[in-house]
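# Commentary on secondary and tertiary structure
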Amino acid sequence: MEQPKIKPDKHVKSPDFHGAALIDDNGREIPITEDMVQDAFSDLDQKAENHSAKKPSSIQP
């Protein structure tokens, strides 16, 4: 038996995945947004700065 075709509501905008999404444990697609990427890079930058500040210098004056 063929499933009825569901017409999308013109007022509801689908997320634009650009091919990038995470799949959660339940199989749902979660789009990766630019904000998510920017936040990840900010976190990495901050962790790198903190790591560099804790690392003792090997150069003796």
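Residues numbered from 1 in each chain as written. Predicted model: local features only at pLDDT ≥ 70, side-chain atom pairs only at ≥ 80, totals over all residues. Heavy atoms only, no water.

From N to C terminus, the protein includes one helix and two strands. Sorting the 61 residues of the protein into buried and exposed places 0% on the buried side. Accessible area for the protein stands at about 6,600 Å²; split by element, carbon and sulfur atoms hold 54% of it. (Helix = DSSP H or I, 4+ residues; strand = E, 2+ residues; numbered from the N terminus. Buried < 20%, exposed > 50% of the residue type's maximum accessible area, 1.4 Å probe, protein only. Areas by Shrake-Rupley, 256 points an atom, 1.4 Å probe, with all protein chains shown as cover.)

Attention now goes to a negative patch on the surface. Side chains of E34, D35, D39 and D43 sit close together on the surface and give a patch of like negative charge. With respect to the helices, strands and loops of the structure, D35 is situated in helix α1 (residues 34-54). (Patch = residues over 30% accessible without salt bridge, like charges linked within 9 Å, V, L, I, M, F, W, Y side chains within 5 Å. Salt bridge = Lys/Arg side-chain N within 4 Å of Asp/Glu carboxyl O. Lys, Arg positive; Asp, Glu negative; His and termini not counted. Charge placed at Lys NZ, Arg CZ, Asp CG, Glu CD.)

Glancing now at the pattern of salt bridges. Tallied over the full model, the rule gives one salt bridge. Among the salt bridges present, the one from D24 reaches R28, with a minimum N-O distance of 2.8 Å.

Mapped onto the elements of the fold, I23 is located in strand β1 (residues 21-23). Every residue in contact with I23, bar those within four places of it in the chain, is listed here: R28 and E29. (Contact = heavy atoms within 4.5 Å.)

Attention now goes to a nonpolar patch on the surface. A cluster of nonpolar residues, L22, I30, I32, M36, V37, F41 and L44, forms a patch on the protein surface that exposes about 580 Å² of accessible area. The greatest single-element share of the nonpolar patch, amounting to four residues, is contributed by α1. Within the element layout of this structure, M36 appears in helix α1. Judged by its relative accessible area of 35%, M36 falls in the partly exposed class.

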